[in-house]
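Structural characterization, general
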2 protein chains.
Amino acid sequence: MPQGQPAVIPDDGLTTRARRDRPLLIVHTGDGKGKSTAAFGLALRGWAQGWPVGVFQFVKSAKWRIGEERALRTLTATGEGGTVAWHKMGEGWSWVQRRIDPDAQPADAAREGWEQIRRDLAAQTYRLYVLDELTYPLKWGWLDVAEVVETLLTRPGRQHVVITGRAAPPQLLDAADLVTEMTKVKHPMDAGQKGQRGIEW
Amino acid sequence: MPQGQPAVIPDDGLTTRARRDRPLLIVHTGDGKGKSTAAFGLALRGWAQGWPVGVFQFVKSAKWRIGEERALRTLTATGEGGTVAWHKMGEGWSWVQRRIDPDAQPADAAREGWEQIRRDLAAQTYRLYVLDELTYPLKWGWLDVAEVVETLLTRPGRQHVVITGRAAPPQLLDAADLVTEMTKVKHPMDAGQKGQRGIEW
């Protein structure tokens, strides 16, 4: 791990503390495993800091994150740390009164999710946002990349945002403070093995 | 994410279920972020499956994982899922009666940790092992790579093992079922920003 020594000291007029506490826009991309898993690991850290954390899952299947969801809901219920609010496009977003059927209109459901994130960013509802697989509605043209990037870059306060998914658009990578590419070196599916409990979900 | 369709169906005489449930040796390596964070995300999934999980931290500083440790200990205390046993080299391993001072003799402390893992693997103590930053004592020659790999490959039962750290030795990569390389594309320390609470620990 880095030993905490920055490579350069920028001439930006900020104190070390102010620079350190800048909110981060983080992207986990690439074809390998661990993009979402590492994002939920950050949610664990946020919970331990006492933060309000918002998770928005831009996937139709809810199966793949049930372990993380159960664990983070259980942590929230203990009252000993922060809170994790969990929102799933795959079940219709929880805040929508008349639910959009995500199977019928996935583009509409994705836009509805993004509009809520915009409102939450403006209201500074959360300290950490996990926007799981947001890259796909961007890739498919359901959300406007330039508008999403502009909203993220102009968000107020000290809100961290983590975005996961393959094929993150270049404008998003340019805007991000921290980008990690998860690269598949070897995967058991290559050897004919399917996903299994506790590992894939 | 993969859609669950293996690229090939191997001629190994196993049923799909037997093949799916094979224990995995997983390595998260590379210079990027998320290696350990994703491993602790797997620990979350393991907890949600009701598994006994063993974490072994091969680092001297305990600071970097306090968020995950607190969260996983809190989850264990709820009694609603599995259990996570947390062992730190940096504080002297918890099972050692007369503690080895890890500052004075880190190689001895690393070997003591590995010996306990060998005993736990033989006894099938855990269903998932997180061997955090085990690559470093391998790299520094404190542990014998061939012996470690042999022990891992011949472990009994259905025990999953996740190993994290930079510069994983080639023999370990050869032995692993799933290898992800976390590649640094962009990091705020490059722009003079130091690590911060909730993100780095």
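These notes cover the structure that comes with them. Remember, it's a predicted structure, so these values are computed and weren't measured experimentally. (Residues numbered from 1 in each chain as written. Chains lettered and ligands numbered in written order. Predicted model: local features only at pLDDT ≥ 70, side-chain atom pairs only at ≥ 80, totals over all residues. Heavy atoms only, no water.)

1. Some words on the overall build of chain A
Formally: Runs of H or I in DSSP of at least four residues are treated as helices and runs of E of at least two as strands, each being numbered from the N terminus. Relative accessibility decides the category of a residue: with a 1.4 Å probe and only protein chains considered, values under 20% of the type maximum give buried, values over 50% give exposed, and everything between is partly exposed. Any two residues whose heavy atoms approach within 4.5 Å are treated as being in contact. Computed with a 1.4 Å probe, the accessible areas rest on the Shrake-Rupley method; for each residue, only the protein chains presented here act as cover.
Along its length, chain A carries seven helices and six strands. Mapped in sequence order, the helices and strands of chain A form the string α-β-α-β-α-β-α-β-α-α-β-α-β. For chain A, the proportion of its 201 residues judged to be buried stands at 56%. Across chain A, every contact between residues at least 6 apart in sequence was considered, and the portion connecting residues at least 24 apart equals 75%. Approximately 8,300 Å² of chain A is accessible, and the part contributed by carbon and sulfur atoms is 49%.

2. A word on unusual backbone geometry
At Glu133(A), a residue that is not glycine, the phi angle is positive and equals roughly 65°. Phi is positive for Gln124(B), which is not a glycine, with a value near 55°. Note on placement: Gln124(B) falls in the loop between helix H4 (106-123) and strand E4 (128-132). For Gln124(B), a relative accessible area of 42% translates into the label partly exposed.

3. So, the environment of Arg65(B)
When you line up the elements, Arg65(B) lands in the loop between strand E2 (52-57) and helix H3 (66-78). Distance from Arg65(B) to Glu200(B), taken between C-alpha atoms, is 8.3 Å for residues 135 residues apart in sequence.

4. Points about the packing of aromatic side chains
Filter applied, for reference: Aromatic rings from Phe, Tyr and Trp, taking only the six-membered ring of Trp, are treated as a pair when their centres fall within 6.5 Å; an angle between ring planes under 30 degrees marks them as stacked, one over 60 as edge-to-face, and anything in between as tilted. Geometrically, a lysine NZ or arginine CZ counts as sitting over a ring once it is within 6 Å of the ring centre and also within 35 degrees of the ring normal.
Tallied over the entire structure, the rule returns 14 aromatic pairs over all chains. Ring geometry for Phe40(A) versus Trp86(A): centroids 5.2 Å apart, planes at 10°, classification stacked. Within this pair, whereas Phe40(A) is found in helix H2 (residues 35-48), its partner Trp86(A) is found in strand E3 (residues 83-88), the two being separated by 46 residues in sequence. Residue Phe40(A) shares its accessibility class with Trp86(A), and that shared class is buried. When the centroid spacing of 5.3 Å and the interplanar angle of 85° are considered together, the rings of Tyr126(B) and Tyr129(B) count as edge-to-face. This pair shows no difference in class: Tyr126(B) is buried, exactly as Tyr129(B) is. Three or more aromatic residues link up through ring pairs in this structure, and these residues are Phe56(A), Phe58(A), Trp93(A), Tyr126(A) and Tyr129(A). Over the aromatic face of Trp51(A) sits the side chain of Arg127(A), whose NZ or CZ is 4.5 Å from the ring centroid.

5. Details of the pattern of salt bridges
All names here are of chain A. Formally: By definition, a salt bridge exists where a carboxyl oxygen of Asp or Glu is found within 4 Å of a side-chain nitrogen of Lys or Arg.
Tallied over the entire structure, the rule returns 20 salt bridges over all chains. For the salt bridge of Arg65 with Asp132, the shortest nitrogen-to-oxygen distance reads 2.6 Å. Here Arg65 is found in the loop between strand E2 (52-57) and helix H3 (66-78), whereas its partner Asp132 is found in strand E4 (residues 128-132), with 67 residues between them in sequence. Residues Arg65 and Asp132 agree in their burial class; the two are buried. Salt bridges here are not isolated pairs; linked through shared partners, they connect Arg65, Asp132 and Glu133.

6. A closer look at the environment of Leu72(B)
Inspection of the secondary structure assignment puts Leu72(B) in helix H3. Its relative accessible area of 0% is what places Leu72(B) among the buried residues. Separated by 29 residues in the primary sequence, Leu72(B) and Ala43(B) have C-alpha atoms spaced 8.1 Å apart. Apart from the residues lying within four places of it in its own chain, the contact partners of Leu72(B) are Leu44(A), Phe40(B), Ala43(B), Leu44(B), Val84(B) and Trp86(B).

7. Topic: the packing of H3(A) against H3(B)
For clarity, the threshold we go by: Angles run from 0 to 180 degrees between N-to-C directions of axes, and those axes are lines fitted to C-alpha atoms, restricted for helices to the stretch in contact. Small angles under 35 degrees read as roughly parallel and large ones over 145 as roughly antiparallel, with 65 to 115 read as roughly perpendicular and the rest as oblique. Note that Gly is not counted as nonpolar here; it falls among the polar residues with everything else outside the nonpolar set of Ala, Val, Leu, Ile, Met, Phe, Trp, Tyr, Cys and Pro and the charged set of Asp, Glu, Lys and Arg.
Two numbers describe how H3(A) lies on H3(B): the axes approach to 10 Å, and their chain directions differ by 80°. Considered as vectors, H3(A) and H3(B) are oriented roughly perpendicular to each other. Packed against H3(A), whose contacting residues are Ala71(A), Thr74(A), Leu75(A) and Thr78(A), the element H3(B) presents Ala71(B), Thr74(B), Leu75(B) and Thr78(B) at the interface. Among the residues making up the contact of H3(A) with H3(B), the classes are represented as four nonpolar, four polar and no charged.

8. Digging into the pairing of E4(A)
Residues and elements named next belong to chain A. The following threshold applies: Pairing between strands is defined by DSSP: at least two bridges between them are needed.
Along E4, five of the five residues are buried, which leaves the element largely enclosed by surrounding structure. Alternating residues of E4 divide into Leu128, Val130 and Asp132 and Tyr129 and Leu131, and every residue in both groups is buried. Examined bridge by bridge, E2 and E4 share five bridges and lie parallel to one another. If you follow Phe56 over to E4, its bridge partner there is Leu131. Note that E4 and strand E5 (residues 160-164) share four bridges and pair parallel. Paired with Tyr129 across the bridge in E5 is Val161.

9. Some words on the nonpolar core
Nonpolar side chains tend to gather and get buried jointly when the protein is soluble and globular. Heads up, the condition is: Nonpolar cores are built from buried Ala, Val, Leu, Ile, Met, Phe, Trp, Tyr and Cys residues. Side-chain atoms within 4.5 Å join them into one set.
Of all hydrophobic cores here, the largest spans 44 residues; its most connected members are Leu72(A) and Leu72(B). Not counting residues up to four positions away in its chain, the partners in contact with Leu72(A) are Phe40(A), Ala43(A), Leu44(A), Val84(A) and Trp86(A).

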